[in-house]
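Topology and contacts: notes
One letter stands for each residue in the lines below.
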Amino acid sequence: MRLRIAPSPTGYLHVGTARAALYNWLLARQKGGIFILRIEDTDKVRSKKEYENDIMRHLKWLGLTWDEEYRQSERYELYRKALLQLLSEKKVYISYDEPHVEGDRRPADTRAFRKNAVFEFQTGKQGGVVRFMTPDHEEVVCDDMVRGPIHFNTDDIEDFSIAKGLDEPLYNFVVTVDDIDLGITDVIRGEDHISNTPKQMLLYKALGHTPPRFGHLPLLLATDRSKLSKRKGTTSMKDFVTQGFLPEAMVNYLALLGWHLGASSETGRASAADQEFFTLDELVKVFSMDRVRKSNSVFDMAKLRYFNSHYIKALPLDDLLKRLEPYYEQQPHVAEIAGATNHPLHERFRRAVQVEQSRAELLSDLVTAVASYRDESQPCDPAMLHWKIMTTEETIASLQHSKSLIAGLRGDEELAELQASLLQKAGEYKQGDRGALLWPLRVALSNKEKSPSPFELVWVLGKDESCDRIEGALARLRT
RNA sequence: GGCCCUAUCGUCUAGUGGCUAGGACAUCACCCUCUCACGGUGGAAACACGGGUUCGAAUCCCGUUGGGGUCACCA
């Protein structure tokens, strides 16, 4: 089994391309086949090396490694040979006709070009286009892996162009020549290629080969059910990366968009126990084309984020710390602390990550959250420190009480131990109204209305920094 | 417009002739709780429509409507 992903380097790796790559890769790995990356760079004007690099980088980021690599720009000899062959067999012809009359948007009657057909390029004449001599009244049937047989009538297919001159072969032609040459057995691609399929099947026949199996995947749609475009949201893999998505989440979500394992119970009814979390390795085992859906799917950022937070939570701390590294440039001073294990604030940083881990949906958010644990944060609005209808005197008393409790700590307590002892003290304070003790403490430590619990904050900041912050808050209250 | 694909909660989906139409995300309520998250429990929420076939249709057939793709000397 030989499969391929054939992106054209005219843009950054698109999420739709990534999904097609994933499905091809999964099948190849499952069947012990070969997964090929073929860069379709015959469009010399729009193809850019930058895009090619981006596509490769992000396929790797997803974990989709390839076994063979080709570039169409390096294979022109192959296309030229095939073109000459078809020309000599008069299965294609050269046309110098203009495809469209000026101002006319109707499709041209390309078959009419046949009356001026020639089979050799005229010297000195510009703009000869090679067209396929599409047969009349023939049925072409594509037995699609996801849709079943799709019927086409060749009368609906024009004499499509396959090359500009001898040295500029066009899409349908290069794809076919390459897929034959590379021995591609299965073509899994987007539904937008369905209309190309009969043309390519015709070319297979003309070149004396049997077409591969085709499988056309449903398309990814924006929330308004229109085509997924840059304006409608994130589409390129590199943007998902900078936003802080994990490849595990991306792979998992993409796999589920158009594919489903099916219910595990015999009744056929799904239950909460049904699996929706899959690693790449698990997908290799259970993925199958016959469970691919036929209809298009809307790309839902909210669910992707849900998967992302799930995988962030599941990451071991050291692993998570490593994944965070690319995001430090958004918070330069974090990089300094995180990078040096002997930095005085390094342990605090690690603890901050640990505390924020369960709260973050995106890696970039996590880095931002962690950055607020540094020393030089601004003192807060004293009014925020009051719990319910506490007076300034009561709040001061509360904070002083907290401070004496924290000052009495050994300083190396585990989080659970620390929480238990502080919680007990809070229960004894003010008839068990914990907020009277915990709210001012938490606000004094975080300078925020919303934050992790004061226990976690003390654990992260340490005894000394915690006392300093409480002292700072007290000073503000007294003025 | 021609050709092609497609149609279950807002979204992703389970379901292949008999189900109180199930799950997940999102949403709402409650619980947990000093706040925000996390977590837990519960609720609201769907078979596009019209004809058939059948004892019986979300499931099969036809049509309508909606959505999508494609109609380049791009890929």
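Our subject is the structure listed above.
Summarised in this report is the structure supplied together with it. A quick note: this is a predicted structure, and the numbers were derived from the prediction, not measured.

Rules used throughout
Residues numbered from 1 in each chain as written. Chains lettered and ligands numbered in written order. Predicted model: local features only at pLDDT ≥ 70, side-chain atom pairs only at ≥ 80, totals over all residues. Heavy atoms only, no water. Pairing = 2+ DSSP bridges. Helix = DSSP H or I, 4+ residues; strand = E, 2+ residues; numbered from the N terminus. Axes fitted to C-alpha atoms, helices over the stretch in contact; angles between N-to-C directions. Near = heavy atom within 4 Å. Polar contact = N/O pair within 3.5 Å; in protein donor to acceptor, adjacent residues only side chain to side chain. Nonpolar A, V, L, I, M, F, W, Y, C, P; charged D, E, K, R; others polar. Buried < 20%, exposed > 50% of the residue type's maximum accessible area, 1.4 Å probe, protein only. Right-handed = clockwise from strand over helix to strand, strands pointing away. Phe/Tyr/Trp six-rings, centres within 6.5 Å; stacked < 30°, edge-to-face > 60°. Lys NZ or Arg CZ within 6 Å of the ring centre and 35° of its normal. Expected span 1.5 Å × (residues − 1).

Sheet architecture is open: 3 strands sit in the order β1-β2-β3, paired in parallel fashion. A strand with exactly one partner marks an edge of an open sheet, and here the two such strands are β1 (2-5) and β3 (68-71). Neighbour-to-neighbour, the strand axes of the sheet open up by a mean angle of 25 degrees, direction not taken into account.

When strand β6 (residues 139-144) meets strand β7 (residues 148-153), the two strands line up antiparallel, connected through 6 bridges. Looking at β7, one finds that valine 140 is bridged to phenylalanine 152.

With that settled, consider the protein's contact with RNA strand B. The immediate surroundings of RNA strand B are formed by 66 residues, with Arg147, Lys164, Ala270, Arg359 and Pro454 found nearest. The sugar and phosphate moieties of RNA strand B supply 75% of its atoms located within 4 Å of the protein. In this structure, a phosphate oxygen belonging to RNA strand B sits 3.0 Å away from a side-chain N or O atom of arginine 131. Taking serine 297, its side chain carries an N or O atom lying 3.5 Å from a phosphate oxygen of RNA strand B. Secondary-structure elements contributing two or more residues to the surface near RNA strand B are β5 (129-132), β7, β8 (161-164), β13 (297-298), α9 (301-314), α16 (434-446) and α17 (454-478). For the surface near RNA strand B, the element with the highest residue contribution is α16, accounting for 5 residues. The class makeup of the residues in the surface near RNA strand B is 21 nonpolar, 19 polar and 26 charged.

A few words on unusual backbone geometry. Even without being a glycine, lysine 90 presents a positive backbone phi close to 55 degrees. You can see lysine 90 is positioned in the loop between α3 (76-88) and β4 (92-95). You can call lysine 90 exposed: its relative accessible area is 51%. At lysine 430, a residue that is not glycine, the phi angle is positive and equals roughly 50 degrees. Assignment of secondary structure puts lysine 430 in the loop between α15 (415-428) and α16. The class of lysine 430 is partly exposed, set by a relative accessible area of 34%.

Most of strand β10 (residues 186-190) sits inside the fold, with 5 of its 5 residues counted as buried. With helix α5 (residues 197-206) bridging β10 and its parallel neighbour strand β11 (residues 213-217), the resulting β-α-β unit is right-handed.

We describe a pair of aromatic rings using the distance from one ring centre to the other and the angle between the two ring planes. Evaluation of the coordinates by the stated rule reveals 16 aromatic pairs. Measuring from centroid to centroid gives 6.3 Å for phenylalanine 277 and tyrosine 311, while their planes differ by 85 degrees, and the two rings are edge-to-face. Placement of the pair is phenylalanine 277 in the loop between α7 (247-256) and α8 (280-286) and tyrosine 311 in helix α9, with a sequence separation of 34 residues. The class of tyrosine 311 is buried, set by a relative accessible area of 11%. Taking the centre distance of 5.9 Å and the plane angle of 40 degrees together, the rings of tryptophan 387 and tryptophan 439 count as tilted. Of the two residues, tryptophan 387 sits in the loop between α13 (363-371) and α14 (392-407) while tryptophan 439 sits in helix α16, which places them 52 residues apart along the sequence. In this structure, lysine 125 is placed above the aromatic ring of tyrosine 96, and the distance from its NZ or CZ to the ring centre is 4.6 Å. Looking at lysine 238, its charged tip hangs above the ring of tyrosine 12, at a distance of 4.4 Å from the centre.

The next subject is α7. The element α7 is extensively covered by neighbouring structure, given that 8 of its 10 residues are classed as buried. Of all the positions in α7, only Pro247, Ala249, Met250, Val251, Asn252, Tyr253, Leu254 and Ala255 are classed as buried. Of the residues trailing α7, glycine 258 is marked for its positive phi of about 110 degrees.

Let's shift gears to helix α1 (residues 15-30). Look at α1: 22 Å from first C-alpha to last across 16 residues, which is about the 22 Å you get at 1.5 Å a residue. Considered for burial, the residues of α1 that qualify are Val15, Ala18, Arg19, Ala20, Ala21, Leu22, Tyr23, Asn24, Trp25, Leu26, Leu27 and Ala28. The first or second residue beyond α1 is glycine 32, which carries a positive phi of 65 degrees.

In space, the 4 strands of this open sheet follow the order β4-β5-β8-β9, with antiparallel pairing throughout. Because the sheet does not close on itself, it has two edges, and the strands there are β4 and β9 (168-169). Bridging between β5 and β8 involves 3 bridges; their strand directions are antiparallel. When the sheet's bridge partners are listed, valine 129 is paired in β8 with lysine 164.

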